[in-house]
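# Report on the structure
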Amino acid sequence: MFRVWVPEGSPGYGRGEKPMQSWTKEYLQSVVADRLEGRKFIAVSNREPYIHVNRDGQIECMQPASGLTTALDPIMRASGGVWVAHGSGNGDRAAVDAYDHVAVPPDDPSYTLRRVWVPPDLERRYYYGLANEGLWPLCHIAFHRPQFRREDWEAYRLANELFADAVLEEAAGESAFVFIQDYHFGLLPRMLKRANPKLVIAQFWHIPWPNRETFRAFPWKQELLDGLLGNDLLGFHVRYHCTNFLETIDRNIEAMVDADHGFVTRGGHGTLVRPFPISIDFDEHCRMASSRDMGAAMAKWWNLIGKVPEYIGIGIDRVDYTKGILERLDALDVLFTEYPEYIGALSFVQVAVPSRTSIPGYDRLNREVIQKVEYLNNKWGFGEWKPVVFVHRHLDQKTLTALRLISDFCVVSSLHDGMNLVAKEFVASRVDEDGVLILSSFTGAARELTDALRVNPFAADEIARAMHTAMTMPVCERTRRMRRMRETVSANNVYHWAGRILMRLANIDVEDAESDADVDDVTVELAKVAEVA
């Protein structure tokens, strides 16, 4: 668990026997209440934290599985703020009031969800078009050509304007904190800052930022970069992406770039650029893995797999070309060819959640993955044994946790990923301190989980060798590696991520950025928390 130093005698010190404060949901909420100082907190995302569904005339409220909701929900509850998001549920309109508001969570209302209505054609061009066929492949170096269409860019701009109108209405001309999520809203910060300079704006870009040469291909680069520089604080997962962004600014737009201090000035306004590696709720994953009914959930997996193999490997992904699923399956083919002793002894369970199937490339990828699985099972399978157990649907966290617990190794072979929380979820679920993580070097998680077996996801033979290593690794070595990775994920949990961003947001000024530029950000910021604890 991550600890914050608290001076003796302060309210957070306790009785002297524990001069540390853990980063928990409750502690984050206390920091939020202190740091906001009565100002409104407004979160913005495309996906909504709660969705209303009409089932046979009855409106039901559901909470979609989302790491983002886990991170922001404690801030929203503590601040009593407003979350602005796209109303996508078929019962969403029936649930809101005349101002498009609905109080959430439904069982204990503590903040407001403001829904923005995005017409279907606009959503198709803004979200599926510019955001996911343009920016997504541009930012992920997975050798997938991006699609840039003028009408998609116009839709992207219009969608950003819709969200800007909603945020400005909620702020009502007053000072407020605005926290924008992801690559769907690259123009929103400048729109907001231009209309209400009193807003303090932060944005977290959840995907990688490409190098400056790659970004040159984006046709509307100057407008997008100007939009992002409307932020007071801009966050990425890792420092490498921050560096890429600063170099992109330096080569493509008129601005003063202080690369050493991570600071950009444009038109008299400064933007602080910092890495904030996102994470998960470690304690919640541990609690779920240790629950009494986990045995029954694990038994269901054994029944699905059938003949109990000596080894079980797993992969858990959305079906996306950046996740390297086809490359992983190719590695299994190499493994059985070079290490025939695993034929009949290893079953690999691949959970593949369909995603963005309305985009032709994604629909085609789904079919390719299915064909590859059928090819491997026909080539290597015999009797009741299949080398690949393919699960092509969404599964809840309890079911996924059970799968992680029965596995010998987990393969995360992303071709490029900003972070990849699947790797951290695997580690957090392993309360038995066993199991091996095989992790792509091209993920943000690889910079933190250094005890994983790191691989080049483009090299099938390298992944195959890592699988062999995982299955032959001594128990003591598996335990040592897993214990260290669990310590890392526990220390840098999702509340640590949210707290660091919030504290930066509440202390934005140029002097602060310059004075602590050569000091570890965590130490400085945690000292500030201690002062107000």
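Just so you know, these numbers come straight off a predicted model, no measurement behind them.

Moving on to the overall build of the protein chain. A tally of regular secondary structure across the protein chain gives 20 helices and 20 strands. Relative to its length of 533 residues, the protein chain is compact, with a C-alpha radius of gyration of 24 Å against a globular reference of 24 Å. With the C-alpha coordinates of the protein chain rotated into their principal frame, the extents come out at 70 × 65 × 55 Å. Put simply, of all contacts in the protein chain between residues at least 6 apart along the chain, 74% involve residues at least 24 apart.

The next point concerns the environment of T399. Summarising the element assignment, T399 is placed in helix 14 (residues 397-406). For T399, a relative accessible area of 24% puts it in the partly exposed group. Through-space distance from the C-alpha of T399 to that of M298 is 7.8 Å; in sequence the pair is 101 residues apart.

What the rule picks out here adds up to 37 salt bridges. For R149, the salt bridge is made with E133, and the minimal N-O distance between the two is 2.6 Å. One end of the pair, R149, is in the loop between helix 4 (120-139) and helix 5 (150-171); the other, E133, is in helix 4, and 16 residues separate them in sequence. Residue classification places R149 among the partly exposed positions, given a relative accessible area of 26%. Close ionic contact of R328 with D317 constitutes a salt bridge, the shortest N to O distance being 2.6 Å. Taken as a pair, R328 in helix 12 (residues 325-338) and D317 in strand 15 (residues 311-318) lie far apart in primary sequence, 11 residues in all. Given the relative accessible area of 6%, D317 is considered buried.

Bringing helix 11 (residues 294-305) into the picture now. Here helix 11 spans 17 Å end to end across 12 residues, near enough to the 16 Å set by a 1.5 Å rise per residue. Taken together, the buried positions of helix 11 are M294, A297, W301 and I305. Around the axis of helix 11, the buried residues are gathered within 85° of arc, so they sit on the same side. Residues of helix 11 that are exposed and point over 90 degrees away from its buried face: K300 and N303. The elements touched by buried residues of helix 11 are helix 10 (282-289), strand 15, strand 16 (346-353), strand 17 (388-391) and helix 14.

As a further point, take the pairing of strand 4 (residues 51-55). When strand 4 meets strand 5 (residues 58-62), the two strands line up antiparallel, connected through five bridges. Within strand 5, the position partnered with V53 by the bridge is E60. Following strand 4, the chain reverses through two residues before pairing antiparallel with strand 5; D56 in that reversal takes a positive phi of roughly 55°.

For the rest of this paragraph, the subject is the packing of helix 12 against helix 13 (residues 360-380). Running from amino to carboxyl end, helix 12 crosses helix 13 at an angle of 10°, the nearest separation of the two axes being 10 Å. Judged on the interaxial angle alone, helix 13 and helix 12 are roughly parallel. Where helix 12 approaches helix 13, its residues I325, L326, L329, D330, L332, D333, F336 and T337 are matched on the opposing element by L365, E368, V369, K372, V373, Y375, L376, K379 and W380. In terms of residue class, the contact of helix 12 with helix 13 is built from 11 nonpolar, one polar and five charged.

Okay, a nonpolar patch on the surface next. Taken together, the side chains of I141, F143, F442 and F458 present a nonpolar region at the surface, about 410 Å² in accessible area. The class for F442 is partly exposed, based on a relative accessible area of 36%.

Okay, the sheet that holds strand 15 next. Judged by pairing direction, the sheet is parallel, and its six strands sit side by side in the order 17-16-15-18-19-20 without closing on themselves. A strand with exactly one partner marks an edge of an open sheet, and here the two such strands are strand 17 and strand 20 (453-455). Neighbour-to-neighbour, the strand axes of this sheet turn through a mean angle of 20°, independent of strand direction. Where strand 15 and strand 16 come together, eight bridges link them in parallel fashion. Bridge pairing in strand 16 links R318 to V353.

What follows covers the nonpolar core. Ranked by internal contacts, the top residues of the largest apolar core, which has 92 residues, are V44, F245, L332, F409 and M467. The residues touching M467, leaving out its near neighbours within four places in the chain, are R328, A331, L332, L335, F348, F409, V411 and I438. Listed in part, the 80 residues of the second largest apolar core include V200, L405, M482 and M485.

Applying the stated criterion across every chain, the model contains 32 aromatic pairs. Measuring from centroid to centroid gives 6.5 Å for Y126 and F185, while their planes differ by 40°, and the two rings are tilted. Of the two residues, Y126 is situated in helix 4 and F185 in the loop between strand 9 (176-181) and helix 6 (188-195); the sequence distance between them amounts to 59 residues. One cation-aromatic arrangement involves R93 over W117; the distance from NZ or CZ to the ring centre is 4.2 Å. It is R356 that lies over the ring of W136; its NZ or CZ is 4.4 Å from the centre.

This paragraph deals with helix 15 (residues 421-429). Counted residue by residue, helix 15 has eight buried out of nine residues, so it is predominantly covered. Those residues of helix 15 not exposed but buried are V422, A423, K424, E425, F426, V427, A428 and S429. The backbone nitrogen of V422 has a side-chain oxygen 3.1 Å away, supplied by the residue at the start of helix 15, namely N420.

Each value, and the rule that gives it
Residues numbered from 1 in each chain as written. Predicted model: local features only at pLDDT ≥ 70, side-chain atom pairs only at ≥ 80, totals over all residues. Heavy atoms only, no water. Helix = DSSP H or I, 4+ residues; strand = E, 2+ residues; numbered from the N terminus. Rg over C-alpha atoms; globule rule 2.2 N^0.38 Å. Contact = heavy atoms within 4.5 Å. Buried < 20%, exposed > 50% of the residue type's maximum accessible area, 1.4 Å probe, protein only. Salt bridge = Lys/Arg side-chain N within 4 Å of Asp/Glu carboxyl O. Expected span 1.5 Å × (residues − 1). Arc of directions from axis to C-beta. Pairing = 2+ DSSP bridges. Axes fitted to C-alpha atoms, helices over the stretch in contact; angles between N-to-C directions. Parallel < 35°, antiparallel > 145°, perpendicular 65-115°, else oblique. Nonpolar A, V, L, I, M, F, W, Y, C, P; charged D, E, K, R; others polar. Patch = residues over 30% accessible without salt bridge, like charges linked within 9 Å, V, L, I, M, F, W, Y side chains within 5 Å. Areas by Shrake-Rupley, 256 points an atom, 1.4 Å probe, with all protein chains shown as cover. Core = buried A, V, L, I, M, F, W, Y, C linked by side-chain atoms within 4.5 Å. Phe/Tyr/Trp six-rings, centres within 6.5 Å; stacked < 30°, edge-to-face > 60°. Lys NZ or Arg CZ within 6 Å of the ring centre and 35° of its normal. Polar contact = N/O pair within 3.5 Å; in protein donor to acceptor, adjacent residues only side chain to side chain.

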